[in-house]
Amino acid sequence: MTIAGIEAGLFRRVLRRHAAAVVVVTAPRPGAAGAGFTATSFTSVSLDPPLVSFCVAQAGSARPAISEAALVAVHVLTAQQEEVARVFATPGIDRFAEYSRIGSWHEGPEGVPVLHGPLAVLICRVVNQVEAGDHVIVIASPVQAEHHDDARATPLVYHDGTYTGL
C-alpha cells in the first residue's frame, strides 16, 4: 500500500524518528467513569485565541465520547507515567477500571475526568473536529490549566516506538 506516493512502511519508519510528548485525553461518558486514550499528536495551534489540537482514531473506542463532549482534558504525562500511557493505549479494556489500580482521578467541570499527577492538565472546550483520513483532528480552546509543582519534573516522550524521558 502507498500513501500519497510514499510506501506505508517507509512512512511509519520516518514518523518513528519524530519525538513527541505523550498525553492522555479524557472525556465524560454518560453512565461510565469516562473515556480516554493516549496520543502523541497534541500540539499548540494558536496563541490568540489560545487553541490546541490532537488527533483521535476514527475507529478508536474513545472517539464517540470525544465527538459528543463539550469539554475534554488533555494530560501531559510525566516521565514516571509510562504505565498510565500504556493503560490508555490498550484496546479492548475498561481503561478507567485499569487506571484505578495505579492512579486516581476526579470529576472536573461538566464531568470531564481529570487524572492526578501529570506534568500539566488543560481543560478544553471542543471548538472544531475535522475528519482527516483514519483520524479526526480535534481543535480545542483551553478554559482551565494547571501544571506540576516540581519544575524538575520532565515529560514522557515517545520516540522510535519506545517511551522515554528527557
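Right above here is the structure, for reference.
From a predicted model like this one, the values you see are computed outputs, not experimental measurements.

**Student:** Got a minute to help me understand the pairing of strand β5 (residues 35-39) in this structure?
**Tutor:** Moving residue by residue along a regular strand, the side chains alternate between the two faces of the sheet. With five of five residues buried, β5 is to be regarded as a mostly interior element. Sheet analysis places strand β4 (residues 23-27) next to β5, joined by five bridges and oriented antiparallel. Across the sheet, residue Ala 27 finds its bridge partner in β5, namely Ala 35.

**Student:** Help me understand the nonpolar core, please; the structure alone is not making it clear to me.
**Tutor:** General note: in soluble globular proteins, nonpolar side chains tend to be found buried as a group. Val 25, Phe 37, Phe 54, Ile 66, Val 72, Cys 124 and Val 138 are the most contacted members of the largest nonpolar core, which has 24 residues in total. Sorting the residues of this core by element identifies β4, β5, β7 (50-57), α2 (63-68), β8 (71-76), β11 (120-132) and β12 (135-147) as the ones contributing at least two each. Dropping the residues within four chain positions of it, Ile 66 is found in contact with Val 25, Ala 27, Phe 37, Phe 54, Val 56, Val 72, Gln 129 and Val 138. Membership of the second largest hydrophobic core comes to twelve residues, among which are Val 22, Leu 77, Val 87 and Tyr 99.

About the thresholds
- Residues numbered from 1 in each chain as written.
- Predicted model: local features only at pLDDT ≥ 70, side-chain atom pairs only at ≥ 80, totals over all residues.
- Heavy atoms only, no water.
- Buried < 20%, exposed > 50% of the residue type's maximum accessible area, 1.4 Å probe, protein only.
- Helix = DSSP H or I, 4+ residues; strand = E, 2+ residues; numbered from the N terminus.
- Pairing = 2+ DSSP bridges.
- Core = buried A, V, L, I, M, F, W, Y, C linked by side-chain atoms within 4.5 Å.
- Contact = heavy atoms within 4.5 Å.

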